[in-house]
Every structure is written in structure tokens, then in C-alpha cells.
Amino acid sequence: MGISIKGHLEPSDHLIDICCGIYEENRLKYVKYVEWSKCTSRESELQCDPKKDASFTLDSTTGKLKVETKTSSEQADTSSEILLQYALTRRSLAMDQANIIEFNKMEVWTDRLIRARIEDAPPGFSKPTFRQLQSADQKMFMELAD
């Protein structure tokens, strides 16, 4: 049947652009990590009112003055297990769309992270914190890049 890619699971255009940029520039070895806060949904992207900041830059090749606008982007909420799972699923979908890695392979990793957080810890141990999960996630990206 598959996954329904709409609503809170549809990756934002910004997230897809990040992943496509990684693929097009072959930058996974240099970027190594897509931050959780960047894993926003298309739904939230459409609802937010982006504030554009204009800046002027000088094009070094032509010597012409260019106007660049930067939008302040919304950040994904990853404060609970379900919100984190949504964000990581959006990242998996965006990475699949960008031909970096298959969705199913990234979802195995997402499930493993979430399971580590929600399952009972062995006696004498505590559940991993979100910070520890993020450190493990960053390490996985380094392994993926190699």
C-alpha cells in the first residue's frame, strides 16, 4: 500500500531543495547531516508567513550589483517522539526524492531511533535523551557519507 505523502508527512520544498542540493553537488561527504530542525512539512511551509530580507551583493564575475532575498525559514518541532518521527520520515522522503538513499532504508533507521526512545530501558539504565539520539543520527550520516 505504501505511505500517504500529505499533510504532516509531506516534506517542505525547502527540505527537498536541501537534499537535491546535496545530491547535485555530491556534497554528502561535506554536509554529512540534515538537521532535524530543517525537516519541516509542506503544510507548515504554506502556513508560515516568510519574512524576506533583501541584501545587496556584488557579482564578482560581471561586476553587477545583485539583490538577494533570504527567507527566514520555520523550524520543525521535534520535542516529542511522534513529532520527531514525522520530521525524520519527511527527511527520509526528501532524501529518496533526491536519489540519495531509498526511503525504506532510511525508515529502518528512523524506526530504530524512535524505538530506542519509547521502549523501556533495561534495569539500571535510562532511556536515551533526544540529544543522544541526535548524536547517533549524526554518526549514521558520517557512516553513510563514507
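Our structure is the block above this text.
First things first, this report covers the structure right here in the doc. Keep in mind that what you see is a predicted model, and the values were worked out from it rather than measured. (Residues numbered from 1 in each chain as written. Predicted model: local features only at pLDDT ≥ 70, side-chain atom pairs only at ≥ 80, totals over all residues. Heavy atoms only, no water.)

Here we look at the side chain of R117
- Tracing the backbone shows R117 in helix α5 (residues 103–118).
- Residue R117 is classed as buried on the basis of its relative accessible area of 18%.
- A distance of 2.8 Å separates a polar side-chain atom of R117 from the backbone oxygen of P128.
- With sequence-adjacent residues up to four places away left out, R117 is seen in contact with E81, K127, P128, T129, F130 and L133. (Helix = DSSP H or I, 4+ residues; strand = E, 2+ residues; numbered from the N terminus. Buried < 20%, exposed > 50% of the residue type's maximum accessible area, 1.4 Å probe, protein only. Polar contact = N/O pair within 3.5 Å; in protein donor to acceptor, adjacent residues only side chain to side chain. Contact = heavy atoms within 4.5 Å.)

Details of the pattern of salt bridges
- Per the stated rule, a full pass over the model turns up six salt bridges.
- Between R42 and E45 there is a salt bridge whose closest N-O contact spans 2.6 Å. Here E45 and R42 lie together in helix α3 (residues 42–47), a separation of three residues that amounts to about one turn.
- We classify E45 as partly exposed; its relative accessible area is 22%.
- The closest approach of N and O atoms between E81 and R117, which form a salt bridge, is 2.8 Å. Residue E81 is located in helix α4 (residues 81–97), and its partner R117 is located in helix α5; the two are separated by 36 residues in the primary sequence.
- The structure contains a network of salt bridges with shared partners spanning D13, R42 and E45. (Salt bridge = Lys/Arg side-chain N within 4 Å of Asp/Glu carboxyl O.)

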